[in-house]
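Given next are the chains, with one letter for each unit.
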Amino acid sequence: MGLFSRFSKKSSAEKIDDSVDEEHDVDDVVTNDTAAEDSTEADSDETDSSVSEGSTADEDSDGPTDDEDVDELDEEALLEKSAPFDRSEKGPFDAAEDFPELNRLDLGALKVPVVDGMQVRLDTDDDSQRVLAVTLIHEGGGIQLQAFATPRSEGLWNTVRRQLATGVTSQGGDASELHTSLGKELAVEVPAKTEDGRPGKRAMRFAGVDGPRWFVRAVFSGKAVTDEEIRSELSALFRGVVVDRGHEAMAPRELIVLTAPQVDGDSETKDEDKDELNPFERGPEITEVR
């Protein structure tokens, strides 16, 4: 499987964060809707119904304007789920769906495919040591994966993509939308310093897939942005991911924390000990013939 390592950083955000920082270039995207953050999925459904009733009352009193109609349509489009049309057949898969058997690393909420020569890095919170994301590195390219909770009838990627583009451009970067086999992606260039300290830009690509009650965000970096072959290989790994959302209630947009795999080093130690000489072990007996 290659190198398996941890990378710790301070991160208090447990939901999608819309900030762009200097160290990590583009961070996660977050909603500023505190009602959505504090509600469960059931609460979200109740909120939707109450909003609908309120909007009906407004329509009866004054009637909607053309601008209100457009805003309502935009809001409905943002809440729609966004995923490849063949997601249920080619992934990323939900744990309740049929999926092909692959060599996968079990990280709890995410089961990620692994291939020879690939490096796996767990991105953890510096204080709590919780696993916030997993990064797969292969042939100079990387893809970082994170999973978030969503309501059954709503998606996140349309909203996240818009907020992310706004955050990048507001800080002097460029963002453009692309249509790929993963659906709608966002290609960004953010201000960064080169190795010799001169101002430059760093390119990244964001993809997102909405599934049943979950959303997975992928960030392509390194050669995965410029080399189509490497990006294709990492995209195939992304399509092979299995998401196990679980059944517990979670607030919409809440980060689904991953679990570190159990690495058993005891068996390797025992195997190594077998090859070493034990000076206190009785060896084979040889009968001396005179």
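Placed above this text is the structure.
Since the structure is predicted, the reported quantities are computational estimates derived from the model, not experimental observations.

A. Structural detail: the overall build of the protein. A count of helical and extended segments in the protein gives eight helices and 12 strands. Residue pairs at least 24 apart in sequence account for 64% of intrachain contacts in the protein once pairs closer than 6 positions are excluded. When the accessible area of the protein is evaluated, it comes to approximately 16800 Å², of which 48% is carbon and sulfur surface.

B. Representation of the nonpolar core in the model. In terms of nonpolar packing, the biggest core is built from 34 residues, with L110, V112, V134, L145 and F238 touching the most fellow members. For this core, the secondary structure elements donating two or more residues are β4 (110-113), β5 (119-125), β6 (131-138), β7 (141-149), β10 (199-211), β11 (214-222), α6 (223-226) and α7 (228-239). Listed in part, the 16 residues of the second largest apolar core include L156, W157, A165 and F206.

C. Expanded view of the side chain of T135. As for its placement among the helices and strands, T135 is situated in strand β6. Classification of T135 as buried rests on a relative accessible area of 7%. Within the local environment of T135, its side chain forms a polar contact with the side chain of D123, the two groups lying 3.0 Å apart. Among all residues touching T135, those that are not within four sequence positions of it are Q119, V120, R121, D123, I143 and Q144.

D. Fine view of α7. Given a rise of 1.5 Å per residue, 12 residues ought to cover 16 Å, and the 16 Å separating the end C-alpha atoms of α7 matches this to within 8%. Turning to α7, its buried residues number three or more, namely I230, R231, L234, S235, L237, F238 and R239.

E. View of the pairing of β6. Of all eight residues in β6, seven are buried; the element is thus mostly enclosed. Between β5 and β6, which pair antiparallel in sequence order, lie five residues; one of them, Q129, sits at a positive phi of approximately 65°. A loop of two residues connects β6 with β7, the two strands running antiparallel in sequence, and E139 in this loop sits at a positive phi of about 55°.

F. Here's a closer look at the pattern of salt bridges. Using the criterion set out here, one finds 11 salt bridges in the structure. Among the salt bridges present, the one from K111 reaches D106, with a minimum N-O distance of 3.5 Å. Each of D86, K90 and R239 takes part in one network of salt bridges that share partners.

G. Highlighting the sheet that holds β4. With mixed pairing, the four strands of this open sheet are ordered in space as β2-β12-β4-β3. Strands at the two margins of the open sheet, each flanked by one partner only, are β2 (93-94) and β3 (104-106). In this structure, β2 lies alongside strand β12 (residues 242-243), joined through two bridges in parallel fashion. By the bridge assignment, D94 is partnered in β12 with V243.

H. The arrangement of helix α5 (residues 157-170) in detail. Compared with the 20 Å implied by 1.5 Å per residue over 14 residues, the 20 Å span of α5 between its first and last C-alpha is a close match. Trailing α5 by a residue or two, G172 shows a phi angle of about 90°, which is positive.

What counts, and at which threshold
Residues numbered from 1 in each chain as written. Predicted model: local features only at pLDDT ≥ 70, side-chain atom pairs only at ≥ 80, totals over all residues. Heavy atoms only, no water. Helix = DSSP H or I, 4+ residues; strand = E, 2+ residues; numbered from the N terminus. Contact = heavy atoms within 4.5 Å. Areas by Shrake-Rupley, 256 points an atom, 1.4 Å probe, with all protein chains shown as cover. Core = buried A, V, L, I, M, F, W, Y, C linked by side-chain atoms within 4.5 Å. Buried < 20%, exposed > 50% of the residue type's maximum accessible area, 1.4 Å probe, protein only. Polar contact = N/O pair within 3.5 Å; in protein donor to acceptor, adjacent residues only side chain to side chain. Expected span 1.5 Å × (residues − 1). Pairing = 2+ DSSP bridges. Salt bridge = Lys/Arg side-chain N within 4 Å of Asp/Glu carboxyl O.

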